[in-house]
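Residue strings, one per chain:
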Amino acid sequence: MSSVEETENPFAALLQPSSQADGVSKQLIESILLFTLSKDVVDSNRKNAVLCLADVVVADNSAKDTLCEDLLAHALFERLMLTETTKYLIPGGTNRSEALETRAMIYLHGAFTRCERIQCESNARDKQHCDRIIELILNNASTCMRQPDLFAPQNFSSQWLELFDQSDEHDTSTQEFLVRVACKVSEEDEPLEALGALKAIFYPMLSELQKQLVKDNLISIRKNIFWILGYFVREKRAGILGELLIDYTTPNPKAKGGDYMDTLFGQLLSVSIMPKTQTAPYEFFREVSLVSQQTDTNLWQLLAHHQLSLFTLIKQLLVQSPETKKKTLQWIANCLDANVARGHLWSTVNINLEQTVHSTASDAFMTSLSAVLMRLCAPLCAPSMKVLLVDPTYCAVVDEERQSKGVSMLKAFEETCLLPAEEGEQRLTAAKYNFITEIFYLAHKAFELGNRACIERLTRMMRELQNTRNAYHEVATRDPNNDLTKNLLRMLQDQMQQVLCIRNGLGEPENDAAILKFFEASAIWLTEIAMLPRESYEAALDKMDFAPQILRNLELLSDTPPFVAPYMKSVPENIIDNIAAYLNFCRNFGGDQFIQLYTSSHDAFFKMILLFMGSSDLVKNPHLRAKLADALEFLLPTQISGSNRKEFITHVFDRHTDRLQVVRCLLNVFVSIEMTGQSVQFEQKFNYRRPMYAIMEFLWTKQEHINCFRQLASEAESNMEAIEPPIFLRFINLLINDAIFLLDESLSNLEQIKQLQRAQDNGEWNNLSHTERQQQTTNLHHLGMLARFDNILGRDTINLLKLLTTEIKSIFCHNSMVDRIASMLNYFLLHLVGPQRERFKVKDKKEFEFDPAQTVLEIAHIYINLSTDNSFCLAVSQDGRSYSDQLFGYAENILIRIGGGQLIGDMAEFASKVQKMNADYKEEQELLADAPDEYLDPIISTLMTDPVVLPSSKVTVDRSTIQRHLLSDQTDPFNREPLTMDKVKSNEALKLEIEQWIEGKRNAARVKS
């Protein structure tokens, strides 16, 4: 008989007899749920502490060993509603805290964990009972998630955070519990309602984590943050959790670049060696020496671990479900688009910092995003080489087709590409784009906006640091204890700290290795798509899939491949620009630890550089091709001027199958900078050419490369009147132009420096105001920098001319070139050894890289190299501006003083030969002095020997004059109409007339004598 209370209790009916199949083992209920409905005498040997809920639900004193499942469900719900559990505790048992737990989610998690453990050790019957208990646990957990108000004032968000916080890698139950609860919520609600219910619980938890991250740095960051976030992304069964996470960290659609830093992922990405935000302090390298090469391996290890954890989190989101993959890619794409201003040159200068602080994300954020994407690109690299599945037409897809073709990147079609498309031209696109293609282009965009912008900023900061260091040393030597010295030292230490933080942030070795491998794969991909045979392209056109698919590794047989696929109009410049910027960083900032060892990258970079540097049919932008020359200098196995790199072991210039193309490619890009049709500042142009000089000087140490120079010179001599002037002819013409400009500018600046130094030494500056003295100091410093720049490049140019003339002579002595080189040499020799040389005698010549003795020696070598050619000797003597019989006497005196050795005798012999030819020339000039005007060249007023008629202006000029003009300007000098040498017509009648007139003059002179 049941008691009266049982009869009146609404749960009493559930105590009626039921089949064993519908019941759940009471023993399992006590062991797992830690409660009982029995009022039996307490068992002092009971293993688990349990609650007696007989007075809360209904008393069950039956002898059956099972309890009705419906009654158990009600009992469990009532257990969750208890706020005071101690009064129901039955004495005995060990795990009192678990039995007394009043927080619903903590209690359910504990029950789930116990059930899983017991189930592993149970028989078949108990396993089934455990399944029923787990189902009840999940049902109630789902109710907690969907209807948290029923359990007020409980905070399920903080309960979940506690569960995550207390777990570790050995605990699998917490992950399983979360997944199954999320799945249960999804089963019991519509998708949107289920997602909303989960967000209501987990968003506050994520918000709390984000608040903590704001204060953290690389050292203080919560150690298990990624472990906690991993709960949302580790299981593919619960894609809704990953969706929740990415939704939480996604800002509004109109967010600026800086707004992404204020998200959860943004806070994680901003943790770095660099400052978290543009205005945040630099936290590391506070105690620094004045040496800018300092590194901290401990910081590198922390950064590598942090970025690896970030990568793992993002990767798990990408593979968890199609929805999380789509949303994650869109987050990355939107973030890059919002920060596109970082790629603009002005953004690296911080001209108006206040306005730009929130418009774009910080260096720390963007370089971390780049590091994550680089790691995601690992399968694209060797040995897998999935980069060969990247489609080159990705950036041709317009916004309207992005969704249908699977393109996440915004405004990809606006990217500046290697070749320009015609206005209104519809570029080729593939039918669909794979994930590999997506991640390839996103990674390059992230590097462009992150690392490249940061490298440019670091380069500028290094210049400022050097200026401060120079100013400090200058002041410190005079008075090490004055206030200015102390202020400069503080400024120097601050700048050093900033440089070290950024350089170490960029140079972390694991990320450096990932970047290098990715760029090696990118270089191989660029080479493959550029050299794709026509038949392979036509097959790709049928499939609408233009990825190279296989590695062909074709040999470079000419400047440009025989077939250039139209899709090259869709390949963005930033891929090549990124590779060049990376190699530049390795050279200037000592980031070449891994590239030394990873020799396969040398071959890939070398081939790609040769192919694209040498061909305007593959890269229209000459500035980009010039950057590739800069990158090529990095591969020189020699010390590089101005670089931190000590040596570099590579064999590409000796063994690479395409090495003999390097000379032609270099000359092509050297000339193309001048022929852009754009306004290129001289300083920029010479910065481009400086590495080319270094490469050519190195190549001159290799006989097979010298032979390439000679072959090009021979080709030039055979094609002097070709429609397009030969490349070698244009090259030496520009070399002479450069030498003239640089040495002229240098001498002019040195003369002004001499005047300023004299005024300072004479005390004239003492009469000036403080402002005027500062202005004079600034002028002196500026002129010094210009002179140094001009002297370095002028020296390189003259040295290259010296090298070239040791092996190649006849083309320098061609009638279109010989007058220019002769007059150039005479002009500079006169200024350096003549009576006026004292005008350029400045103090501290080394400071300005001014070495007149060396320059005189180089010029003397060029004279001797060309002295065997009579036309050169004659041209030297005919130079009316600088040549006189005393010129080489001045030179001999200087050569004796500086130890010219054999050059002294050689120059004396050359001077004698020139003097005799000069005498003969003067006699000839006197004979022909009354030549009719129509016989004279209208440009240089000399007697024509080979007159030609220009087709559009109809003006007659000498052939050598117009040849020389067309080397640098392919227009008619009289009306600016386009002109090439093949269009000019010989004026045979006038030529015959001039020859007859000259012969008549000579005959008359002979008769007279």
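These numbers were taken from a predicted model, which means no experiment stands behind them. Per chain, the residues get numbers from 1 upward, laid out in the order the sequence is written. Where local features are concerned, this predicted model is filtered to residues with pLDDT of at least 70; where side-chain atom pairs are given and counted, the filter is 80 or more; whole-chain, interface and lining totals use all residues. To obtain the side-chain values, all non-hydrogen atoms of the structure were included, while hydrogens and water were left out.

## Section: the overall build of the protein chain
Inclusion rule: Numbering goes from the N terminus for both helices and strands, where a helix is a DSSP run of H or I of at least four residues and a strand is a run of E of at least two. For a compact globule the rule gives 2.2 Å times the number of residues to the power 0.38, and the radius of gyration it is set against comes from C-alpha atoms. Buried, partly exposed and exposed residues are distinguished by accessible area as a fraction of the type maximum, computed with a 1.4 Å probe on protein chains only: under 20%, between the cut-offs, and over 50%, respectively. Only heavy atoms enter the contact rule, under which two residues are in contact if any of them lie within 4.5 Å. To be clear on the numbers: accessible area is Shrake-Rupley with a 1.4 Å probe, and residue cover counts the displayed protein chains and nothing else. For this count, His and the chain ends are skipped, Lys and Arg are scored as positive, and Asp and Glu as negative. By convention, charge coordinates are those of NZ in Lys, CZ in Arg, CG in Asp, or CD in Glu.
The number of helices and strands found in the protein chain is 38 helices and 7 strands. Relative to the 2.2 N^0.38 estimate, which gives 30 Å for 1009 residues, the radius of gyration of the protein chain is 41 Å and therefore markedly larger than a compact globule would have. Dimensions along the principal axes, computed over C-alpha positions, put the protein chain at roughly 160 × 75 × 45 Å. Taken over 1009 residues, the protein chain has a buried fraction of 54%. Pairs at least 24 residues apart make up 77% of the contacts formed inside the protein chain by residues separated by at least 6 positions. If you sum the accessible surface of the protein chain, you get close to 45,000 Å²; carbon and sulfur atoms cover 50% of it. Each charge class in the protein chain was averaged separately, 102 positive and 134 negative side chains, and the resulting centres sit 3 Å apart.

## Details of the sheet that holds strand β6 (residues 956–958)
Selection rule: For two strands to be treated as a pair, DSSP must find at least two bridges joining them. Here, axes are lines fitted to C-alpha atoms. For helices the fit covers the stretch in contact, and angles between N-to-C directions go from 0 to 180 degrees.
Pairing within the open sheet is antiparallel, and its 3 strands lie in the order β6-β5-β7. The open sheet is flanked by β6 and β7 (985–986), the only strands paired with a single partner. Taken strand by strand, helix α37 (residues 959–966) contacts β5 (947–949), β6 and β7, and its axis lies near 85 degrees from that of β6.

## Describing the packing of helix α18 (residues 435–478) against helix α22 (residues 574–588)
Packed helix pairs are characterised by how far apart their axes lie and by the angle those axes make with each other. Cut-off, in case you're wondering: If an angle is under 35 degrees, it is roughly parallel; if it is over 145, roughly antiparallel; if it lies from 65 to 115, roughly perpendicular; otherwise it is oblique. By convention, the crossing between two helices is left-handed when the near helix turns anticlockwise from the far helix through less than a right angle, and right-handed when the turn is clockwise. When residue character is reported, Ala, Val, Leu, Ile, Met, Phe, Trp, Tyr, Cys and Pro are called nonpolar, Asp, Glu, Lys and Arg charged, and the others, Gly included, polar.
Packing of α18 against α22 brings their axes to within 9 Å, and their N-to-C directions diverge by 40 degrees. The angle between the axes of α18 and α22 places the two elements in the oblique class. In this structure, α18 meets α22 at a crossing whose hand is left-handed. From α18, Phe440, Tyr441, His444, Lys445, Phe447, Glu448, Arg452, Ile455 and Leu458 reach across to α22, where they touch Asn574, Ile575, Asp577, Asn578, Ala581, Tyr582 and Phe585. Here the contact of α18 with α22 is built from residues that sort into 9 nonpolar, 3 polar and 4 charged.

## Looking at α22
The α-helix winds at 3.6 residues per turn, so residues separated by three or four positions along the chain end up facing the same way. To keep things clear, this is the line we draw: For a helix, the expected span equals 1.5 Å multiplied by the number of residues minus one.
End to end, α22 covers 20 Å across 15 residues, agreeing with the expected 21 Å (1.5 Å per residue, within 8%). The element α22 is extensively covered by neighbouring structure, given that 14 of its 15 residues are classed as buried.

## As for the confidence of the model for the protein chain
For clarity, the threshold we go by: For every residue, the predictor states its confidence as a pLDDT score lying anywhere from 0 to 100.
Averaged over all residues, the pLDDT of the protein chain equals 88, while 93% of them reach at least 70. Across the protein chain, the secondary-structure element scoring lowest on mean pLDDT is helix α1 (residues 4–8), at 43, and the one scoring highest is helix α16 (residues 363–376), at 97. Segment residues 1–7: pLDDT under 50, and 6 contacts once partners within four positions in sequence are set aside and those in other chains are kept. In this model, residues 345–354 is a region of pLDDT below 50 whose contacts with residues beyond four sequence positions or in other chains number 14 contacts.

## Quick notes on the packing of helix α34 (residues 870–878) against helix α36 (residues 902–927)
Across the interface, α34 lies against α36 with an axial gap of 8 Å and an inter-helix angle of 70 degrees. Taken as axis vectors, α34 and α36 run roughly perpendicular relative to one another. Considering how the two elements wind past one another, α34 and α36 form a crossing that is right-handed. Residue-level inspection shows Asn870, Phe872, Cys873, Leu874, Val876, Ser877 and Gln878 of α34 in contact with α36, the latter providing Phe910, Lys913, Val914, Met917, Asn918 and Tyr921. Broken down by class, the residue content of the contact of α34 with α36 amounts to 8 nonpolar, 4 polar and 1 charged.

## Here's the deal with a nonpolar patch on the surface
This is how the line gets drawn: Exposure above 30% relative accessible area and the lack of any salt bridge qualify a residue for a patch; like charges then connect within 9 Å, and the nonpolar side chains Val, Leu, Ile, Met, Phe, Trp and Tyr within 5 Å. Definition used for salt bridges: Asp or Glu carboxyl oxygen within 4 Å of a side-chain nitrogen of Lys or Arg.
A contiguous nonpolar patch, built from Ile939, Ile940 and Phe974 and spanning about 240 Å² of accessible area, is present on the exposed surface. One can find Ile939 in the loop between α36 and β5.

## Considerations on the nonpolar core
Quick reminder of the rule: For the purposes of this section, nonpolar cores are sets of buried Ala, Val, Leu, Ile, Met, Phe, Trp, Tyr and Cys residues that join through side-chain atoms within 4.5 Å.
Judged by nonpolar contacts, the single largest core of 312 residues is most densely connected at Trp160, Phe612 and Phe728. Among the elements that make up this core, the one with the highest residue count is α18 (17 residues).

## What to know about the environment of Cys335
Tracing the backbone shows Cys335 in helix α14 (residues 322–338). Looking at Cys335, the relative accessible area reads 0%, which means it is buried. For the pair Cys335 and Met261, spaced 74 residues apart in sequence, the C-alpha separation works out to 9.8 Å.

## Quick look at the pattern of salt bridges
As enumerated under the stated definition, the model contains 45 salt bridges in all. Via salt bridges that share partners, Lys199, Glu243, Asp247 and Lys327 belong to a single interconnected network.

## A closer look at the packing of aromatic side chains
We apply this condition: Here a Phe, Tyr or Trp ring, Trp counted by its six-membered ring, pairs with any other such ring whose centre lies within 6.5 Å, and the pair is stacked when the planes are under 30 degrees apart, edge-to-face when over 60, and tilted otherwise. The criterion for a charge sitting over a ring is simple: Lys NZ or Arg CZ within 6 Å of the ring centre, and within 35 degrees of the ring normal.
A complete count under the given rule lists 41 aromatic pairs for this structure. Plain terms: the ring middles of Phe112 and Phe177 are 5.3 Å apart, the flat faces sit at 45 degrees to each other, and that makes the pair tilted. On the criterion of sequence distance, the pair formed by Phe112 in helix α5 (residues 104–120) and Phe177 in helix α8 (residues 173–188) is long-range, its members being 65 residues apart. The exposure classification of Phe112 matches that of Phe177, with both residues buried. Summarising the aromatic geometry, the rings of Tyr827 and Phe828 are spaced 5.1 Å apart at their centres and angled 75 degrees between planes, so their arrangement reads as edge-to-face. When its relative accessible area of 2% is taken as the criterion, Phe828 is described as buried. Each residue in the set Tyr394, Tyr433, Phe440, Tyr441, Phe447, Phe518, Phe519, Trp525 and Tyr582 is aromatic and connected to the rest through ring pairs, giving one cluster. Between the NZ or CZ atom of Arg234 and the centre of the ring of Tyr231, over which it lies, the distance is 4.7 Å.

## Digging into the state of the cysteines
For the record, the criterion: Cysteine sulfurs are considered disulfide-paired once they come within 2.5 Å of each other.
Applying the stated criterion across every chain, the model contains 0 disulfides. Lacking any disulfide linkage, Cys586 is separated from the closest cysteine sulfur, that of Cys454, by 14 Å. The exposure class of Cys586 is buried, given its relative accessible area of 0%.

## Thoughts on unusual backbone geometry
Here Ala152 and Pro153 are connected by a cis peptide whose omega angle stands at 5 degrees. Cis geometry marks the peptide bond from Ala382 to Pro383; its omega dihedral reads 5 degrees. If you trace the backbone, Pro383 turns up in the loop between α16 and α17 (402–405). The phi angle at Leu34 is positive, at roughly 60 degrees, despite the residue not being glycine. With respect to the element layout, Leu34 can be found in the loop between α2 (26–32) and β2 (35–36). If you check the backbone angles, Lys954 has positive phi at about 65 degrees while not being a glycine. Within the fold, Lys954 resides in the loop between β5 and β6.

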